[in-house]
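# Structural features, examined
Each chain is listed here by its residues.
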Amino acid sequence: MLRIERLTKLFALNSGCQDVSLACKKGEIHGVLGKNGSGKTTLFRCLLGLIPLDEGSVILESSLSTIRQFGYLPEERSVIADLRVTEMIDFFASLKQMSHKEIREEKVVWLQKLKCEHLKFKRLRECSKGNQQKIQLICSLIHQPDVLILDEPLTGLDISNVRLFKQVIADYAHSGKIVLLSSHQYEEIEPLCDSLTVLDKSKVILQGKLGDIKRNHPIKTVSVSEDAQMIYALQKGITEIRHEGNTTRYLCKSEADAINIATLALKNRDGRTIKVESLTLKDLLGDQQ
Amino acid sequence: MKALISFSLNRRLNNPVSWMLYGFSFILFGIVLFADILLATFAPALVVPKSIHMNSAMFDRMGEYLPASFVYQNDPLKADVLIHVKDDGYLVTGNITIEQGQVIDHLIVGYHRISMIEQIPDSIVSLLDQVMIANIEWENVAEPSVNHSGFIVITTIYFMLLSFSTAVANEVVNEKTSNVIEVILTSVSHKEHYYSKLLIGWFTMLMQLMIHGFGFVFWLMVRIVFDNGSGLLNVLYRWQFLSAPYDSIEEWMRSLNIQMSSLGIIILCATFLMLGILLVQLLMVLISVHINSIEEAAAIQGPFYLGMLIVYYLAIFINSADQLNYGWGYIFSYTPILSMLFMPSRLLLTDVMVSELILSIGIGLVALIICLIFGEEHYRNNLLKGIAKSTFVKNET
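Just so it is clear, the model here is predicted, and its values are computed rather than measured.

All right, on to the sheet that holds strand S1 (residues 2-10) of chain A then. Residue and element names in this part refer to chain A. The strand order across the open sheet formed by three strands is S2-S1-S4, and the pairing between neighbours is antiparallel. Each of the sheet's edge strands pairs with one partner strand only, and the pair in question is strand S2 (16-24) and strand S4 (55-60). On average, adjacent strands in this sheet sit at an angle of 15° to one another, irrespective of strand direction. Together, S1, S2 and S4 form the strand contacts of helix H1 (residues 40-47), whose direction differs from that of S1 by roughly 115°.

On the chain B side, the residues contacting the 26 residues of chain A number 25 residues. Interface area lost by chain A to chain B is led by Arg45(A), Leu50(A) and Leu95(A), which between them contribute 25%. For the pair chain A and chain B, the interface holds five residue pairs in polar contact (both at pLDDT 80 or more). Those elements giving two or more residues to the side of chain A that touches chain B turn out to be S1, H1 and helix H2 (85-95) of chain A. The greatest single-element share of the side of chain A that touches chain B, amounting to four residues, is contributed by H2(A). The class makeup of the residues in the side of chain A that touches chain B is 16 nonpolar, three polar and seven charged.

What follows deals with a nonpolar patch on the surface. All names here are of chain B. On the surface, Met 1, Leu 199, Phe 203, Leu 206, Met 207, Leu 209 and Ile 211 cluster together into a nonpolar patch covering about 520 Å² of accessible area. Here Ile 211 shows up in helix H10 (residues 190-227). Using a relative accessible area of 30% as the deciding quantity, one classes Ile 211 as partly exposed.

In this section: the packing of aromatic side chains. According to the stated counting rule, one finds 19 aromatic pairs over all chains in the structure shown. A centroid spacing of 5.0 Å and a plane angle of 55° characterise the contact between Phe91(A) and Phe92(A), whose relative ring orientation is tilted. Aromatic side chains Phe218(B) and Trp219(B) sit 5.3 Å apart centroid to centroid with 80° between the ring planes, which places their arrangement in the edge-to-face category. Classification of Phe218(B) as partly exposed rests on a relative accessible area of 37%. Linked through ring pairs, Phe26(B), Phe34(B), Phe214(B), Phe218(B), Trp219(B) and Phe226(B) together constitute an aromatic cluster.

With that out of the way, let us pick up the environment of Ile373(B). Residues and elements named next belong to chain B. Tracing the chain through its elements places Ile 373 in helix H18 (residues 354-382). Note on Ile 373: relative accessible area 55%, which makes it exposed. For the pair Ile 373 and Ala 43, spaced 330 residues apart in sequence, the C-alpha to C-alpha distance is 60 Å.

Our focus in this paragraph is the domain arrangement of chain B. Interfaces are frequently sized by the accessible area removed from exposure as the parts join. What the domain assignment lists for chain B is domain 1 (2-34 + 146-382) and domain 2 (49-131). A straight line from the C-alpha centre of domain 1 of chain B to that of domain 2 of chain B covers 50 Å.

So, about the pattern of salt bridges. What the rule picks out here adds up to 17 salt bridges over all chains. For Lys9(A), the salt bridge identified is with Asp54(A), shortest N-O distance 3.5 Å. In this pair, Lys9(A) is assigned in strand S1 and Asp54(A) in the loop between H1 and S4, connecting sequence segments 45 residues apart. For Arg254(B), the salt bridge goes to Glu250(B), with nearest N and O atoms at 3.1 Å. With Arg254(B) and Glu250(B) both in helix H12 (residues 249-256) and four residues apart, the pair spans about one turn of that helix. Arg254(B) sits in the exposed class, given a relative accessible area of 56%. If you follow the salt bridges from partner to partner, you end up with Asp36(B), Arg223(B) and Asp227(B) in one network.

So, on to the environment of Met340(B). Residue and element names in this part refer to chain B. Relative to the assigned elements, Met 340 resides in helix H17 (residues 339-349). By relative accessible area, which is 1% here, Met 340 ends up buried. Expressed as a C-alpha distance, the spacing of Met 340 and Met 207, which sit 133 residues apart in the sequence, is 21 Å.

It is worth spelling out the side chain of Ser38(A) at this point. All names here are of chain A. Residue placement: Ser 38 occurs in the loop between strand S3 (29-34) and H1. The class of Ser 38 is buried, set by a relative accessible area of 2%. Not counting the four nearest positions on each side in its chain, Ser 38 is found in contact with Gly 16, Leu 199, Asp 200, Lys 201 and Ser 202.

Attention now goes to the sheet that holds strand S2 (residues 70-72) of chain B. All names here are of chain B. In space, the four strands of this open sheet follow the order S2-S1-S3-S4, with mixed pairing throughout. Whereas interior strands pair on both sides, the edge strands pair on one side only; in this sheet they are S2 and strand S4 (89-94). Here the strands of the sheet are splayed against their neighbours by 25° on average, with no regard to which way each runs. Relative to S4, strand S3 (residues 81-86) runs antiparallel, the two sharing six bridges. The residue bridging Lys 86 from the neighbouring strand is Gly 89, located in S4. The sheet strands contacting helix H6 (residues 98-118) are strand S1 (50-54), S2, S3 and S4, and the helix crosses S4 at an angle near 155°.

Now for the pairing of strand S10 (residues 220-224) of chain A. All names here are of chain A. Counting buried positions along S10 yields five of five residues, so the element is predominantly enclosed. In S10, alternate side chains face the same way, and those of Lys 220, Val 222 and Val 224 on one face and Thr 221 and Ser 223 on the other are all buried. Relative to strand S12 (residues 247-252), S10 runs antiparallel, the two sharing five bridges. In the sheet register, Lys 220 faces S12, and the bridge partner there is Cys 252. Relative to strand S13 (residues 274-277), S10 runs antiparallel, the two sharing four bridges. If you follow Thr 221 over to S13, its bridge partner there is Glu 277.

Next up on the list: unusual backbone geometry. Residue and element names in this part refer to chain A. If you check the backbone angles, Lys 115 has positive phi at about 55° while not being a glycine. Looking at the secondary structure, you find Lys 115 in the loop between helix H3 (100-113) and helix H4 (129-141). Overall, Lys 115 belongs to the exposed group, its relative accessible area being 53%. Notably, Glu 152 is not glycine yet its phi reads approximately 50°, a positive angle.

Another aspect to go through is the nonpolar core. Residues and elements named next belong to chain A. Grouped together as the largest cluster of nonpolar side chains are 58 residues, with contacts concentrated most on Phe 92, Ile 135, Val 179 and Leu 181. At eight residues, helix H5 (residues 159-174) tops the list of elements feeding residues into this core. The contacts of Val 179, once residues within four sequence positions are left out, are Glu 28, Ile 29, His 30, Leu 148, Leu 150, Ile 169, Tyr 172 and Ala 173. Membership of the second largest hydrophobic core comes to 43 residues, among which are Leu 43, Phe 70, Ile 149 and Leu 180.

Quick notes on the rules
- Residues numbered from 1 in each chain as written.
- Chains lettered and ligands numbered in written order.
- Predicted model: local features only at pLDDT ≥ 70, side-chain atom pairs only at ≥ 80, totals over all residues.
- Heavy atoms only, no water.
- Pairing = 2+ DSSP bridges.
- Helix = DSSP H or I, 4+ residues; strand = E, 2+ residues; numbered from the N terminus.
- Axes fitted to C-alpha atoms, helices over the stretch in contact; angles between N-to-C directions.
- Contact = heavy atoms within 4.5 Å.
- Buried area = accessible area lost by both parts, 1.4 Å probe.
- Polar contact = N/O pair within 3.5 Å; in protein donor to acceptor, adjacent residues only side chain to side chain.
- Nonpolar A, V, L, I, M, F, W, Y, C, P; charged D, E, K, R; others polar.
- Patch = residues over 30% accessible without salt bridge, like charges linked within 9 Å, V, L, I, M, F, W, Y side chains within 5 Å.
- Areas by Shrake-Rupley, 256 points an atom, 1.4 Å probe, with all protein chains shown as cover.
- Salt bridge = Lys/Arg side-chain N within 4 Å of Asp/Glu carboxyl O.
- Buried < 20%, exposed > 50% of the residue type's maximum accessible area, 1.4 Å probe, protein only.
- Phe/Tyr/Trp six-rings, centres within 6.5 Å; stacked < 30°, edge-to-face > 60°.
- Domains from an automatic or database assignment.
- Core = buried A, V, L, I, M, F, W, Y, C linked by side-chain atoms within 4.5 Å.

Structure below.
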């Protein structure tokens, strides 16, 4: 169990994070979301002890030694370019005081899981950005920390690697670990997160289980493809219409309004794709911020 | 910290360039210690002495002065060089270099003077001696060899300082510019990182000395097994690097007459060197936490080298017993950093009291401890400055 209580770290112009509290259980993936400069990275750095707190506390129930409790994947690429992949993994694992035997065994497992066996003897400078990110992920979790902190882990990855990362992160959380992650790719992390904290201007503006948040929110969405003409724009109960390429998304006041529009759309389907969705994270955050 | 140090040492000492250098120095030591054999094989003219023939009267008088680059040949037909005594002078025949010609010239002039003097009555010789030879006594004059060793020590310390003090600072800059520092600090504390950098600098210096030293000792042992080093010593004597001929390295070492006091001076010089290097290394690490790019690092290295060069020339300039005992040299021998050059100079050129030595080492140690304590805080506050998304640190209130 990770419990952050009233964590405050403020810098000039009120940047940083203020009065942030959150709790995560084992096996939980917690999303920390917010605009650039909202305080996500400061929160992570405070948790990792990289910068001292002004106020508040961080409590982690863990059987591991302090050095192994956290794993961290920073947003920026932080690789030693002239090292070989295995050398870099060995280095970061040895910093976490893993034995040679442990490193050897875990390295094989994680290289396999992240489909990087072929990169073993390559230098990091020869690896693509995505592959470097994979190696950094291995470095951050090879010691099996209780809390894995991932700052924008999906940035710069192609579709197949995004899928792979999501799978690895989910599997890791299911093994009884806590994952804290931040991302701007809300659609990608939505299916992953069990709970989330939204920060804005250093403060928490929304927090809770994703299901609860969605349940408490009245708006529902209907998406209709090939609907440049906004056929259902005049239907009652629509609060907002958004265009994404040739798809139109109708944000409705209530579920009944959404079902009404969806029924109409199904009747006049004409080959179009129609989706009735709960509120997405993107909608929610767009709404909140 | 152990992992950080072993990783860094491995990176520094176990890379292709380092291996190339080890190989190069190993081969170089081999070449130097077997120079006589290699030269005898590939350039025999440089090491094989020329055979020279002269009449027996001349050889009786001048044989003992014959330099090692010549060997007497009894048979004139087999000799490379022949000296004929004629009625009106001397005739030299043979294929010789200008330097060898000068040696023979001195030899003949010497023989000629001795022969002439023998024909002059003793009373006139005694009178000539009084005219030609002045009796000079020297008192309180420093031995030239001591000045020479002072210069060698200053230069050695200066280059060791330059070589080792900046290496660690570059590593900190590299870790900062690649953002690796942020990840490392999730595993080790700022304090551990700080002290590990200083230890890395020291260990690197010691290990490099050991590695290169091993190459030298290896070839030295081979040479001792081979011929006790007599061939090499013979060539060195022939080239006038040695003032007397020696049959073995052991004999040459004994002739150096190294006493306990000399060893003490060497150990004290090494102590001042280590103290100075550690202090400069520490200051460089503390400066390096403010550096955020390779360009900035390069901009700082220039003035640093210039500053060290000024200190070096200052040490060379203030290198007399008087200046070191009473002038600026005296003050500098107690000044941290500068003391690593000036106190060894004083030790070599003048008598230094034990209390002065303790005071100088004490001042150096206090300076080091102050820098270590205040530096730790400075290091912690500034290490993450300039890395990605670190504006929060710059704006800290």
